[in-house]
Amino acid sequence: MADQALVDNEHMGRSMTLSLRKATLFLLLIVIGILFTLFSVAYIGRMAYGDWRTLPEPLLLWCNTAIMVLSSFSFYRANVNADRNNIKKTRVYLLVAGALTISFIVGQLFVWRELISFGYFVSTNPSYGFFYLLTALHILHLLGGLIAWLVVMLKSFTLKNDTANFALKVNLCAIYWHFLLIVWAFLFVMLLLT
């Protein structure tokens, strides 16, 4: 019985080792993943109809994909430096990641502008509508992530002694961005192959 008391005292009454914030983020990622999966299934199902036309591949989509990869890598480096308590380097990588993310969003708007200039409107064909819908949905999730990024950036300037909590926030942002990179890679490949 005394051995069980020692075991019980080790985990402080918690039933899992995952922090509440991380568990909440994983739940959010599951919901976002299901949302994109459902839209992808609808996209693939809609392709079976005869009025489906393929969308051209603007070169800027490849550049935007590279920017998204660099943004995710910058978050990775920020996460590594936050774990090492190197706040200055963390701040630099966070700034780079945010700037790259904003560049990605602006790049997507330029892709839309280019497609519209060639007459590829949302209402012209279902495939075009799906392209705009899926990319807009991805942009909305990035904008939500930028709000969290801004909170973490501001925290990096006012940080006192709570570096463990700060490192967790950076880690959560990094996980979110890596997930959105995976979602974008999936969407990009799906859009290119169809």
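What this report covers is the structure whose coordinates are included nearby.

## Focus: the nonpolar core
Buried together is how nonpolar side chains tend to be arranged in soluble globular proteins.
Next up, step 1: Counting 51 residues, the largest nonpolar core has M68, F75, L94, F131 and W177 as the members making the most contacts within it.
Next up, step 2: Counting residues per element, the ones that place at least two in this core are α2 (20–46), α3 (59–83), α4 (87–117), α5 (126–157) and α6 (163–193).
Next up, step 3: When residues in this core are grouped by element, the largest group, 18 residues, is from α6.

## Considerations on the packing of α4 against α5
In a packed pair of helices, the relevant descriptors are the angle between the two axes and the axis-to-axis distance.
Next up, step 1: Where α4 meets α5, the closest approach of the two axes is 10 Å, and the angle between their N-to-C directions is 160°. Between α4 and α5, the angle is such that the two are roughly antiparallel. α5 is crossed by α4, and the crossing has left-handed handedness.

## What about the environment of L187?
Next up, step 1: For L187, the position within the fold is in helix α6.
Next up, step 2: Taking C-alpha positions, L187 is 21 Å from G98, a pair spaced 89 residues apart along the chain.
Next up, step 3: Ignoring anything within four residues of it in the chain, the contact list for L187 reads F36, S40, L134 and H138.

## Regarding the pattern of salt bridges
Next up, step 1: Inspection of the entire model under this criterion finds 1 salt bridge.
Next up, step 2: In this structure, the salt-bridge partner of R46 is D51, at a minimum N-O distance of 2.9 Å.
Next up, step 3: Using a relative accessible area of 21% as the deciding quantity, one classes R46 as partly exposed.

## Comments concerning the packing of aromatic side chains
The relation between two aromatic rings is expressed through the spacing of the ring centres and the mutual angle of the planes.
Next up, step 1: Within the structure shown, the criterion is met by 12 aromatic pairs.
Next up, step 2: Between Y43 and F130, the ring centres sit 5.5 Å apart and the planes meet at 85°, which makes this aromatic pair edge-to-face. Linking Y43 in helix α2 with F130 in helix α5, this pair joins segments that are 87 residues apart in sequence. For the pair shown, Y43 and F130 are each scored as buried.
Next up, step 3: Consider the rings of F104 and W184, whose centres lie 5.3 Å apart with planes at 80°: the pair is edge-to-face. With a gap of 80 residues between them, F104 in helix α4 and W184 in helix α6 connect regions that are remote in the sequence. The same class applies to F104 as to W184, namely buried.
Next up, step 4: One residue, R91, lies across the ring of F157, its end atom 4.5 Å from the ring centre.

Cut-offs used in this document
- Residues numbered from 1 in each chain as written.
- Predicted model: local features only at pLDDT ≥ 70, side-chain atom pairs only at ≥ 80, totals over all residues.
- Heavy atoms only, no water.
- Core = buried A, V, L, I, M, F, W, Y, C linked by side-chain atoms within 4.5 Å.
- Buried < 20%, exposed > 50% of the residue type's maximum accessible area, 1.4 Å probe, protein only.
- Helix = DSSP H or I, 4+ residues; strand = E, 2+ residues; numbered from the N terminus.
- Axes fitted to C-alpha atoms, helices over the stretch in contact; angles between N-to-C directions.
- Parallel < 35°, antiparallel > 145°, perpendicular 65-115°, else oblique.
- Left-handed = near helix turned anticlockwise from the far one by under 90°.
- Contact = heavy atoms within 4.5 Å.
- Salt bridge = Lys/Arg side-chain N within 4 Å of Asp/Glu carboxyl O.
- Phe/Tyr/Trp six-rings, centres within 6.5 Å; stacked < 30°, edge-to-face > 60°.
- Lys NZ or Arg CZ within 6 Å of the ring centre and 35° of its normal.

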